[in-house]
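Residue-level structural notes
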Amino acid sequence: MGLLGKLMGAKPAKAPTDDVLLLHSIFCIAAADGSIEDSEDEMIRAYANTLPEFRDMDGAEFNKAMEQSVKISHKYNRDMKSSLVVLNEIQSDAVRKKAFVLAVDIAMSSGDIDESEEEMLEAMQRILRVDDALATKIIEVIALKYTK
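So, how was this worked out
Residues numbered from 1 in each chain as written. Predicted model: local features only at pLDDT ≥ 70, side-chain atom pairs only at ≥ 80, totals over all residues. Heavy atoms only, no water. 1 Å grid on protein atoms, 1.4 Å probe; cavity = no way out; pocket = protein on both sides within 12 Å on 5 of 7 lines; lining within 4 Å. Points joined across faces, edges and corners; volume = space filled by probe spheres on them. Helix = DSSP H or I, 4+ residues; strand = E, 2+ residues; numbered from the N terminus. Nonpolar A, V, L, I, M, F, W, Y, C, P; charged D, E, K, R; others polar. Buried < 20%, exposed > 50% of the residue type's maximum accessible area, 1.4 Å probe, protein only. Axes fitted to C-alpha atoms, helices over the stretch in contact; angles between N-to-C directions. Left-handed = near helix turned anticlockwise from the far one by under 90°. Contact = heavy atoms within 4.5 Å. Expected span 1.5 Å × (residues − 1). pLDDT = per-residue confidence, 0-100. Salt bridge = Lys/Arg side-chain N within 4 Å of Asp/Glu carboxyl O.

**A word on the layout of surface pockets**
When its volume is computed, the second largest pocket comes out at roughly 360 Å³. Taken together, 19 residues line the second largest pocket, and the ones lying closest to its centre are Ala-31, Ile-36, Ser-73, Arg-78 and Met-80. Among the secondary structure elements, those contributing two or more residues to the lining of the second largest pocket are α5 (59-75), α6 (80-83) and α8 (115-127). Considering every element that reaches the lining of the second largest pocket, the biggest residue donor is α5, with five residues. Across the lining of the second largest pocket, the residue classes tally to eight nonpolar, six polar and five charged.

**Side note on the environment of Val-85**
Mapped onto the elements of the fold, Val-85 is located in the loop between α6 and α7 (93-109). Owing to a relative accessible area of 39%, Val-85 belongs among the partly exposed residues under this scheme. Sequence separation of Val-85 and Met-124 is 39 residues, and the distance between their C-alpha atoms is 8.9 Å.

**Points about the packing of helix α2 (residues 18-30) against α5**
Where α2 meets α5, the closest approach of the two axes is 9 Å, and the angle between their N-to-C directions is 65°. Judged by the twist between their axes, the crossing of α2 over α5 is right-handed. Across the interface between the two elements, Val-20, Leu-21, Leu-23, His-24 and Phe-27 of α2 pack against Phe-62, Ala-65, Met-66, Gln-68, Ser-69, Ile-72 and Ser-73 of α5. Grouping the amino acids of the contact of α2 with α5 by side-chain chemistry returns eight nonpolar, four polar and no charged.

**A look at α8**
It helps to recall that an α-helix has 3.6 residues per turn; residues three or four apart then point in one direction. Along its 13 residues, α8 runs 18 Å from first to last C-alpha, staying within 8% of the 18 Å computed at 1.5 Å per residue. Of the positions making up α8, those classed as buried are Glu-117, Met-120, Leu-121, Ala-123, Met-124, Gln-125 and Ile-127. Phi for Arg-129, located one or two positions after α8, is positive at around 60°.

**Digging into the confidence of the model for the chain**
Residues of the chain with pLDDT of at least 70 account for 90%, and the chain-wide mean is 85. Per-element confidence in the chain is highest for helix α9 (residues 132-146), whose mean pLDDT is 96, and lowest for helix α1 (residues 3-8), whose mean pLDDT is 52. This stretch, residues 10-14, has a pLDDT under 50; its non-local contacts, to residues over four places away or in other chains, come to three contacts.

**A word on the pattern of salt bridges**
For the structure shown, the criterion picks out four salt bridges. The closest approach of N and O atoms between Lys-98 and Glu-53, which form a salt bridge, is 2.8 Å. Of this pair, Lys-98 sits in helix α7 while Glu-53 sits in helix α4 (residues 52-55), placing them 45 residues apart in sequence. You can call Lys-98 partly exposed: its relative accessible area is 24%. Of the charged contacts, one joins Asp-105 and Lys-145 as a salt bridge, the two residues approaching to 2.9 Å between their closest N and O atoms.

See the structure below:
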């Protein structure tokens, strides 16, 4: 812990909201391969704007939520898998489930799910406390969306 952390305490002044944590879960799966490219960043913004949590935000509010999500990843040296631990702070069970649904959707949207995405999804399932039966159901339904 750094000097400021020792003086100010280990906890941030304000815990991230469920909305920010939901956005962070989207970033985590998009960055499962180690980076977020410009096209993925645009996809995240477009995807997030379809969600009720972000739909009515103006550009400045959404950018603030994005900045808060980026700060979370910086606390974990941009190691997105390690930063998943903050998803434990999601208060709403519905938001936990939604985060997993969105992660599966984003992972499947790119075509084949690679090993890093598979590992990220498994970690997210555990951290978000999504049981195996529900996870299987979510994967089956989202897979229908991408069936040719």
